[in-house]
Amino acid sequence: MPEPLDTLQTPSLLLDEARLRANAERMRAHLAGLGVRLRPHLKTAKSLEVGRIAMASPEGPAIVSTLREAEYFAEGGVRDMIYGVGIAPAKLPRVAAIRAGGTDLAIILDSLEQAQAVAAHARSTGDAIPVLIEVDADGHRSGVAPHDGDTLVAIGRTLVAGGAELRGVLLHAGDSYALRDPEALAAAAENERVAAVTAADALRAVGLPCPMVSVGSTPTARFARDLTGITEVRAGVYMLGDLFQAGVGSVAVEDIAVSVLAAVIGHQRAKGWIIVDAGWMAMSRDRGTARQAVDQGYGIVCDTAGRPYPDLIVADANQEHGIVALRKGARGTLPDLPIGAQIRILPNHACATGAQYDRYHVIDRENRVTAVWPRINGW
């Protein structure tokens, strides 16, 4: 039976199932219209129930960011996964163990040293671990430069000669997170596409296989207009949404499916503060919106129906105390929230806030709790 929110202890992590499903379907339909498949990134959700809503089938495809996630989703029946962090050689036996259980787990790398380690592992075990070479889309973080054909080919040949499977190339346009203008985001998506196709062509030109050309980030997935030459797109935070992505323009505030339920525990009326029991341990330390046009503090404050109060944010936070106040320059008044009143807080970063919790309390359109879905943490 559905239960009201006031039966929950605070802070709790809420997940609006209708918004989640709408977000998943919106991204799926957009990419289908561009002729590519979606590989959902499950690092934000870390939940089998959420993954099954986002994936094309219970078996995948999916991408994860930790081997703990890979193990968890493999245990849940996901059979097509990429471990999307550059491989450390010491992790190869753990990758092999997951693969031995029946999951096609691919890895990524961007150096000859990593390729040599994978090749040595493949030779000694007979496990032809599938590998995607990470290519740098925009100077954001990791990856081989797309025009560095010599390095791409050297890595590819080392893998193939060692008995590993060269499956393709993978890119992440991380610099898109700093953008806001739709035209700039569309240009970032096109830059990502061109870099991916350039790298794939360099491998194919010397006879190396490159069946997969994988790109992705929530902003570029959302604003891509042409994905010619791409076989799949990866994205993750779009499922839940957060204020940072709303600041980029990838989601709307009303699309954000995850929130933190908190309770009022005090007032400092002379300071214009309401004190709640959700501090940075409940919301995370992430202050990513401070670098955007609108600083959302530690999160936007909403009523229990999920409607934002005008200009009300968690302006500051201690470990277990959130300080709710009007944003600087606002001329409104604080809502009348007595001790014990509940609020919902929309987070800056769904991944970081979610990491504070081991479960979602799933709510329906009437804001009643209908289910509890476990989520995992760790590496």
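You'll find the structure just up there.
Read on for a plain summary of the structure. (Residues numbered from 1 in each chain as written. Predicted model: local features only at pLDDT ≥ 70, side-chain atom pairs only at ≥ 80, totals over all residues. Heavy atoms only, no water.)

Within the protein, the secondary structure is distributed over eleven helices and 18 strands. Against the compact-globule benchmark of 21 Å for 379 residues, the protein has a radius of gyration of 22 Å, which places it among compact chains. Considered along the principal axes of its C-alpha atoms, the protein spans approximately 70 × 40 × 35 Å. In the protein, which comprises 379 residues, the proportion classed as buried is 55%. In the protein, the proportion of contacts linking residues at least 24 apart, taken out of those at least 6 apart, comes to 67%. Carbon and sulfur atoms make up 52% of the accessible area of the protein, which totals about 15,500 Å². Of the charged side chains in the protein, 38 are positive and 43 negative, and the gap between their average positions amounts to 2 Å. (Helix = DSSP H or I, 4+ residues; strand = E, 2+ residues; numbered from the N terminus. Rg over C-alpha atoms; globule rule 2.2 N^0.38 Å. Buried < 20%, exposed > 50% of the residue type's maximum accessible area, 1.4 Å probe, protein only. Contact = heavy atoms within 4.5 Å. Areas by Shrake-Rupley, 256 points an atom, 1.4 Å probe, with all protein chains shown as cover. Lys, Arg positive; Asp, Glu negative; His and termini not counted. Charge placed at Lys NZ, Arg CZ, Asp CG, Glu CD.)

It is worth spelling out unusual backbone geometry at this point. In this chain, Thr 10 is followed by Pro 11 through a cis amide linkage whose omega measures 0°. Positionally, Pro 11 belongs in the loop between strand S1 (3–4) and strand S2 (12–16). With an omega dihedral of 5°, the bond running from Gly 60 to Pro 61 counts as a cis peptide bond. In this structure, Pro 61 sits in the loop between helix H2 (48–54) and strand S4 (62–64). Here Asp 311, not a glycine, exhibits a phi torsion of approximately 60°, which is positive.

Taking 1.5 Å as the rise per residue, helix H7 (residues 182–205) with 24 residues should run 34 Å; its terminal C-alpha atoms sit 34 Å apart, in good agreement. For H7, the set of buried residues is Leu 185, Ala 186, Ala 188, Ala 189, Glu 192, Arg 193, Ala 195, Ala 196, Ala 199, Ala 200, Ala 202 and Leu 203. At its buried positions, H7 is contacted by strand S7 (130–135), helix H6 (149–162), strand S8 (165–171), strand S9 (212–215), helix H8 (218–223) and helix H9 (243–248). Capping the start of H7 is the job of one residue whose side-chain oxygen sits 3.1 Å from the backbone nitrogen of Glu 183: Asp 181. Just downstream of H7, Gly 207 is the residue with a positive phi angle, here 85°. (Expected span 1.5 Å × (residues − 1). Polar contact = N/O pair within 3.5 Å; in protein donor to acceptor, adjacent residues only side chain to side chain.)

We now examine the pairing of S2. Of all the five residues making up S2, five are buried; the element is thus mostly covered by neighbouring parts of the structure. Both faces of S2 are covered, namely the face carrying Ser 12, Leu 14 and Asp 16 and the face carrying Leu 13 and Leu 15. The pairing of S2 with strand S11 (residues 258–268) spans four bridges and is classified as antiparallel. Its bridge partner lying in S11, Leu 15 is registered against Val 258. (Pairing = 2+ DSSP bridges.)

Read across the open sheet, the eight strands follow the order S3-S10-S9-S8-S7-S6-S5-S4; overall the sheet is parallel. The open sheet has two edge strands with one neighbour each: strand S3 (37–40) and S4. Pairs of neighbouring strands in the sheet enclose a mean axial angle of 30°, with direction left out of account. Two elements, S7 and S8, share six bridges in a ladder whose sense is parallel. Among the inter-strand pairings, Ile 133 is bridged to a residue of S8, identified as Val 169. Where helix H3 (residues 67–75) meets the sheet, its contacts fall on S4, strand S5 (80–86) and strand S6 (104–109), and the angle it forms with S5 comes to roughly 175°. Sheet strands in contact with helix H5 (residues 112–125) are S5, S6 and S7, and its direction is about 150° off that of S6. (Axes fitted to C-alpha atoms, helices over the stretch in contact; angles between N-to-C directions.)

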